[in-house]
Amino acid sequence: MLAQQMQPPERGENQELRESYLRTLMLVERLHRQLLDVLKDELDRQRRDDINSVQALLLFNIGDDELTAGELRTRGHYLGSNVSYNLKKLVDGGYLSHQRSAKDKRAVRVRLTEEGAKVRAMVSDLFDRQLGSLGPVANLGGEALHSLNTALMRLERFWSDHIRYRL
């Protein structure tokens, strides 16, 4: 029964579903790129040319935690970027402090410095400002975002299972 359910639809069948799925794939990629553009715009407005949008997003995602590069990769989407390279640049720029893990000497754990916390606060303020206009401008409220998040989490789980179980 499961094998029968996993067969691709006949050509022409579910064409609307196929088009919606492909549109979703395109939108996910495009939205991530736009998020990076929004962050770059905010960095430009704040005259912060010492870091890029991917690095600002890394700082935001680290937050108050102490993480390794691998843990950061699983938390965020750093499209077309090398997380280890960006972490090194952030350490060199004084945004992150680092120390070897006590458990695994190969792993380096990073945490925000005071300067890194300032950038994180700037990104957090941007997201809060956007949240204030999300309903009035984009007509997106809590229920719509909840439904969207549920659908995206299901898609993420589907892709994870696809890789894990070689569907």
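Residues numbered from 1 in each chain as written. Predicted model: local features only at pLDDT ≥ 70, side-chain atom pairs only at ≥ 80, totals over all residues. Heavy atoms only, no water.

**Student:** Account for helix α3 (residues 53-62), with residues named and values stated.
**Tutor:** Extensive coverage of α3 is indicated by the burial of eight of its 10 residues. Taken as a whole, α3 has its buried residues at Ser53, Val54, Gln55, Ala56, Leu57, Leu58, Leu59 and Ile62. Buried-residue contacts for α3 involve α2 (15-45), α4 (69-75), α5 (83-92), β1 (96-100), β2 (108-112) and α6 (114-138). Where α3 begins, the side chain of asparagine 52 points an oxygen toward the backbone nitrogen of valine 54, at a separation of 3.1 Å. In the segment just after α3, glycine 63 is the residue with positive phi, at about 60°. (Buried < 20%, exposed > 50% of the residue type's maximum accessible area, 1.4 Å probe, protein only. Helix = DSSP H or I, 4+ residues; strand = E, 2+ residues; numbered from the N terminus. Contact = heavy atoms within 4.5 Å. Polar contact = N/O pair within 3.5 Å; in protein donor to acceptor, adjacent residues only side chain to side chain.)

**Student:** With reference to specific residues and values, describe unusual backbone geometry.
**Tutor:** One non-glycine residue, arginine 47, lies in the positive phi region at around 55°. Along the chain, the position of arginine 47 falls in the loop between α2 and α3. Despite not being glycine, asparagine 139 shows a phi value in the positive range, around 55°. Assignment of secondary structure puts asparagine 139 in the loop between α6 and α7 (142-165). Assessed through its relative accessible area of 68%, asparagine 139 is described here as exposed.

**Student:** Residue-level account of the confidence of the model for the protein, with values.
**Tutor:** Per-residue confidence for the protein gives a mean pLDDT of 88; residues scoring 70 or more make up 89%. Averaged pLDDT values for the elements of the protein fall to 50 in helix α1 (residues 2-5) and rise to 96 in α6. (pLDDT = per-residue confidence, 0-100.)

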